[in-house]
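Structural features, examined
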Amino acid sequence: MSTLTLARENLDRKGFLDLDIDPQLDLAAAINRLKKEKNAVILAHYYQDSDIQDIADYIGDSLGLSQQAAVTDADIIVFAGVHFMAETAKMLSPQKKVLLPDLKAGCSLADSCPAPVFREFKKKYPDHVVVSYINCTAELKTLTDICCTSTNAVQVIESIPADQKIIFAPDINLGKYLVQKTGRDMVLWNGACMVHEIFSHEKIVKLRQRHPRAKFIAHPECEPHILEMADFIGSTTGLLKYTIADAADEFIVATESGILHQMQKSSPHKTFIPAPPDNACACNDCPHMKLNTLEKLYLCMEYEQPEITLPEWVIAQGRASIDRMLEISARAGLVSG
Ligand code: 13P
Ligand code: SF4
């Protein structure tokens, strides 16, 4: 049996094609060649490793990545991100081949809301509409009326008539932030992101004392006691834009550490400090995002596997919730990047 056949047989178990790569191979050059040969586009989230961000055709937040996936004329979308993002790209462009370098690149937040359990939960609130953060499975999107991302969540909630009751899933922290921001009393699903729940209030207070001029900025997936301290709260794109526009030259950043690469690139003269987590480790890496590597990216482009496939009914029933989100974003003039 050939090595490739064996690797393909192991794909389901491992999540990626485990093949040896010639150590002499210039991976960046090989990936760029494959992009041209196959008319492929690489879409990367800000939480990817810097070498992946540097080779991507587009780097962005969840809204920007969905907008790109909806309009690209490439034949192959290579998604350097996590599973729910690649699924969203497949729902928006079902005729295209969507590849994910490692199928096991999941998301603790998406996992915290299994569709069968949510289906039963939803039955208790028959007169509510469901708004789901895009960080959820494709199947959960089939139970959702409108999706949102952290960039457009406020506009999505505000687009719903004031007397209409709402369930918000799956992120309880973003949900609480939205309740406060919009004044809407929503039923919240109790899910969370493992990366954004790890920040230490006490260590951040101490760090701010040592850096009194630094601005503290945070993603709305963080817990309320962390958000209360923030000078600015925003999506990854929002945080990046803030660091570019703000006059401060030091920032303490409470989100996944991958975003620091673009912050540092955009403002080389400024200092970016990852907010300290409540554990012995100094990093705020998302273990799912970081499963993708340049090697796996190369192999998935060369062999066009692992590929994201979805049942037709999931695409048919789930896509409307993403389309509604994109329409609301377009009406609000929200173009992310
Ligand atoms: P945004 O990039 O849309 O802010 O989302 C952050 C995130 O956690 C993605 O997994
Ligand atoms: Fe999911 Fe959190 Fe990782 Fe984003 S950072 S992919 S929300 S686990």
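Residues numbered from 1 in each chain as written. Chains lettered and ligands numbered in written order. Predicted model: local features only at pLDDT ≥ 70, side-chain atom pairs only at ≥ 80, totals over all residues. Heavy atoms only, no water.

Things to note about the overall build of the chain
To be explicit about the condition: Only DSSP runs of H or I reaching four residues or more are called helices, and only runs of E reaching two or more are called strands; each is numbered from the N terminus. For the radius of gyration, the atoms used are the C-alpha atoms, and the globule rule reads 2.2 Å times the number of residues raised to 0.38. Partly exposed describes any residue whose relative accessible area lies between the buried limit of under 20% and the exposed limit of over 50%, with all areas from a 1.4 Å probe on protein chains only and scaled to the type maximum. Here a residue-residue contact requires only that any non-hydrogen atoms of the pair lie within 4.5 Å. Surface exposure here means Shrake-Rupley accessible area, sampled with a 1.4 Å probe, where a residue is shielded only by the protein chains that are shown. Positive charges come from Lys and Arg, negative ones from Asp and Glu, while His and the chain ends are left out of the count. In this description, the location of a charge corresponds to atom NZ of lysine, CZ of arginine, CG of aspartate or CD of glutamate.
From N to C terminus, the chain includes 17 helices and 12 strands. A compact globule built from 337 residues should have a C-alpha radius of gyration of about 20 Å, and the chain, at 20 Å, falls within 12% of that. Once the C-alpha set of the chain is aligned to its principal axes, its extents read approximately 60 × 50 × 35 Å. Expressed as a percentage of the 337 residues in the chain, the buried residues total 57%. Of the contacts made within the chain by residues no fewer than 6 positions apart, 66% connect residues no fewer than 24 positions apart. For the chain, the computed accessible surface area is about 14400 Å², with 51% contributed by carbon and sulfur atoms. Of the charged side chains in the chain, 34 are positive and 44 negative, and the gap between their average positions amounts to 3 Å.

A look at the pattern of salt bridges
What counts is decided by this rule: A carboxyl oxygen of Asp or Glu within 4 Å of a side-chain nitrogen of Lys or Arg is what we treat as a salt bridge.
For the structure on display, the rule yields 16 salt bridges. Salt-bridge contacts for Lys296 lead to Asp102; the nearest nitrogen and oxygen are separated by 2.7 Å. Of this pair, Lys296 sits in helix H16 (residues 294–303) while Asp102 sits in the loop between strand E4 (97–99) and helix H7 (108–111), placing them 194 residues apart in sequence. Here Lys296 matches Asp102 in class, with each residue buried. Here Glu120 makes a salt bridge to Lys123, at a shortest N to O gap of 3.0 Å. With Glu120 and Lys123 both in helix H8 (residues 115–123), this residue pair falls 3 residues apart, about one helical turn. On the basis of relative accessibility, which here comes to 46%, the residue Glu120 falls in the partly exposed class.

Topic: the sheet that holds strand E1 (residues 40–45)
What counts is decided by this rule: Pairing between two strands is assigned when DSSP locates at least 2 bridges connecting them. Between N-to-C directions, angles span 0 to 180 degrees; the directions come from axes that are lines fitted to C-alpha atoms, helices contributing only their stretch in contact.
Spatial ordering of the open sheet is given by E2-E1-E3-E4, a layout of 4 strands whose pairing is parallel. Among the strands making up the open sheet, the edge pair consists of strand E2 (58–60) and E4. When strand polarity is set aside, the average angle formed by the axes of neighbouring strands in this sheet is 20 degrees. Taken together, the 3 bridges between strand E3 (residues 76–80) and E4 define a ladder with parallel strand orientation. Its bridge partner being in E4, Val78 is matched across the sheet by Leu99.

Some details on the site of ligand 2
So the rule is basically this: Residues are counted as near a molecule or strand when any one of their heavy atoms sits within 4 Å of it. Both site types are read off a 1 Å grid over the protein atoms alone. A 1.4 Å probe that fits but cannot get out defines a cavity, while an open set with protein on both sides within 12 Å along at least five of seven lines defines a pocket; lining residues have an atom within 4 Å of a point. Assignment to a cavity or pocket requires that more than half of a molecule's atoms be within 2 Å of the site's grid points. Amino acids outside the nonpolar list (Ala, Val, Leu, Ile, Met, Phe, Trp, Tyr, Cys, Pro) and the charged list (Asp, Glu, Lys, Arg) are all regarded as polar, and Gly is one of them.
Close contacts around ligand 2 come from Tyr47, Val82, Cys107, Ser108, Asn135, Cys193, Val195, Glu221, Cys286, His288 and Met289, and that covers them all. According to the grid-proximity analysis, the pocket containing ligand 2 is the largest cavity. Across the shell around ligand 2, the residue classes break down as 7 nonpolar, 3 polar and 1 charged.

Describing the side chain of Ser267
By secondary structure assignment, the location of Ser267 is in the loop between helix H15 (259–266) and strand E12 (271–274). Contacts of Ser267, omitting those with residues within four sequence positions, involve Thr243, Ile244 and Phe272.

A word on the layout of surface pockets
The condition is simple: Grid points are joined across faces, edges and corners, and a volume is the space filled by probe spheres set on the points.
Reported here for the largest pocket is a volume of approximately 280 Å³. Along the wall of the largest pocket there are 20 residues; nearest its centre are Ser150, Thr151, Asn152, Gly234 and Ser235. For the lining of the largest pocket, the secondary structure elements donating two or more residues are helix H10 (153–158), helix H11 (172–182), strand E10 (232–233) and helix H14 (236–245). Tallied by class, the residues present in the lining of the largest pocket amount to 9 nonpolar, 9 polar and 2 charged.

What to know about the state of the cysteines
Rules: The disulfide definition used here is simple: a pair of cysteine sulfur atoms within 2.5 Å.
Taken as a whole and assessed by the stated rule, the structure comprises 0 disulfides. Sulfur of Cys113: no disulfide; nearest cysteine sulfur belongs to Cys136 and is 7.4 Å away. Since its relative accessible area comes to 0%, Cys113 is described here as buried.

Considering the sheet that holds strand E7 (residues 165–169)
With parallel pairing, the 4 strands of this open sheet are ordered in space as E6-E5-E7-E8. For this open sheet the edge positions go to strand E6 (146–148) and strand E8 (187–188), each flanked by a neighbour on one side alone. Alignment of strand E5 (residues 128–133) against E6, held across 3 bridges, turns out to be parallel. Bridge pairing links Val131 to Ile146 in E6. Of the strands in this sheet, E5, E7 and E8 are in contact with H8, which crosses E7 at around 160 degrees.

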